[in-house]
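# Summary of structural features
Below are the chains, spelled out letter by letter.
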Amino acid sequence: MTFGEMPDGSTVERHRIEGGGLTAHVLSYGAVLQDLLLAGHDAPLVLGFDDFAPYLTDSPYFGATAGRCANRIGEGRFEIDGVSYQVDQNFQNRHHLHGGAKGVGKRNWTVESVGSDRITLRIELADGEMGYPGNMVARCSFACLEGGVFDVRLSAETDAPTLCNFAHHSYWNLDGGATTDDHLLQLDADRVTVVDDGFIPTGESRDVTGSRYDFRQMRPIKDTVFIDHNLCLSDARMDLRKIGVLMSKASGVAMEMRSTEPGCQVYDGFKLDVKPKGLGGRSYGANAGVALEPQIWPDAVNHDTFPNAILRPGEIYDQHTQFVFSKG
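Keep in mind that what you see is a predicted model, and the values were worked out from it rather than measured. (Residues numbered from 1 in each chain as written. Predicted model: local features only at pLDDT ≥ 70, side-chain atom pairs only at ≥ 80, totals over all residues. Heavy atoms only, no water.)

What follows concerns the sheet that holds strand β17 (residues 183–187). The antiparallel open sheet is built from nine strands, whose spatial order is β10-β11-β12-β13-β27-β23-β22-β17-β20. Only two strands of the sheet have a single neighbouring strand rather than two, namely β10 (110–114) and β20 (219–220). (Pairing = 2+ DSSP bridges. Helix = DSSP H or I, 4+ residues; strand = E, 2+ residues; numbered from the N terminus.)

Here it is in structure tokens:
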């Protein structure tokens, strides 16, 4: 169904998929997960808006697909095969974030196919867009599967060497409360990428033992210190495996996370201050949701010891992530 209109006049579609006790609404704009419901639990599991207009003006990537290179690139500069590139500096007027001001999370995708429990969206990116080399075709597929599994597949191909690092950017809230203060997180990450004052990686990854970033044992997210950091799961993309669990003590809803990705950006939403009302008239202030974004480590192209983020002709980028819900 029609959900809204882009500034260029193109139609934004909204589709419902359901299965395995889950019901989701997906937008063609940004390949956005607008909302997600679990049978037996009244509140939405994600942050979002009931109407389209706030997505254009006030959304901090609610439910969006970020790319073609998610997260940050220092100074918006990098080299591939000795050739230098300058991409859009849309973060702090200096660095690059989530594919730029017109990254895929802010573009209207084409709905390629849709069924009762799944949807696939497609986008074509031209050589030079946001400064990236190579013509790219990317796809995002969502499915609601048996056992409470929300399945996310991201794939891409290119005709020239380029950066490719997509990320699903939902903000999770598993109890419908004003904050995630009652949420616990466990994540199988033994290192964190060290960043400077601009949140740009220094090239160092540090042992999390004894630090704020050690979530290897389940513990509260709530803290006096914010977190917006990449936690290192592995040194390269792997087969799909369990990477962690988010749960709410208040609701008993748990979300197991599985992914192929070597990192997970954890953002506790400390900067959230969204003026329009969210889903069901909710207010979204600081810590209203937590973003857990499986992906390649940020700024990887500029650090030889980080996982590879370069996609070449003939290769297929293939990210697989699952969010598995249950209620105790």
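For the rest of this paragraph, the subject is the nonpolar core. Core analysis: the biggest nonpolar cluster contains 53 residues, and L36, F150, W172, L292 and F325 have the highest contact counts within it. Element by element, the count of residues in this core is highest for strand β12 (residues 136–145), at five residues. The contact partners of F325, leaving out residues within four places of it in the chain, are L22, L36, L38, L45, G147, G148, F150, W172, L174, A254 and M255. Within the second largest apolar cluster, 21 residues are counted, among which are V12, L27, Y61 and A64. (Core = buried A, V, L, I, M, F, W, Y, C linked by side-chain atoms within 4.5 Å. Buried < 20%, exposed > 50% of the residue type's maximum accessible area, 1.4 Å probe, protein only. Contact = heavy atoms within 4.5 Å.)

Most of β17 sits out of view: five of its five residues are buried. Because side chains alternate across β17, one face comprises the buried residues H183, L185 and L187, and the other comprises L184 and Q186, equally buried. In the sheet, β17 pairs with strand β22 (residues 241–248) via five bridges, with the strands oriented antiparallel. What sits directly across from L185, in β22, is L246. Of the pairings in the sheet, the one linking β17 to β20 comprises two bridges and is antiparallel in character. When the sheet's bridge partners are listed, L184 is paired in β20 with P220.

Okay, the sheet that holds strand β19 (residues 201–207) next. Spatially, β16-β25-β24-β21-β18-β19 is the arrangement adopted by the six strands of the open sheet, whose pairing is antiparallel. Bordering the open sheet on either side are β16 (171–172) and β19, each of which pairs with just one other strand.

Once that is clear, we can look at the environment of G269. Here G269 is to be found in the loop between β24 (263–267) and β25 (290–295). Measuring from C-alpha to C-alpha, the distance between G269 and D159 comes to 37 Å, with 110 residues separating the pair along the chain. Here G269 is in contact with G285, A286, N287 and G289, once residues within four sequence places are set aside.

This part takes up the packing of aromatic side chains. This model, assessed by the stated rule, comprises 17 aromatic pairs. For the pair Y29 and F52, a centre-to-centre distance of 5.3 Å together with 80 degrees between the ring planes defines the contact as edge-to-face. Here Y29, found in the loop between β3 (22–27) and β4 (32–38), pairs with F52, found in the loop between β4 and α1 (53–57); they are 23 residues apart in sequence, far enough to count as distant. Taken individually, Y29 and F52 each receive the classification buried, so the pair is uniform in this respect. Seen from their ring centres, W297 and F306 are 5.0 Å apart, and the 70 degrees between their planes marks the pair as edge-to-face. For the pair formed by W297 and F306, the shared burial category is buried. (Phe/Tyr/Trp six-rings, centres within 6.5 Å; stacked < 30°, edge-to-face > 60°.)

Scanning all chains against the criterion turns up 19 salt bridges. With its nearest N and O atoms 3.3 Å apart, the salt bridge here joins R16 to E18. Residue class for E18 comes out partly exposed when judged on its relative accessible area of 38%. Taking the shortest distance from any N to any O, the salt bridge between D181 and K222 comes out at 3.7 Å. In this pair, D181 sits in the loop between β16 and β17 while K222 sits in the loop between β20 and β21 (228–232), placing the two residues 41 residues apart along the sequence. Residues joined by salt bridges that share partners form a network here, namely E112, R122, E124 and R139. (Salt bridge = Lys/Arg side-chain N within 4 Å of Asp/Glu carboxyl O.)

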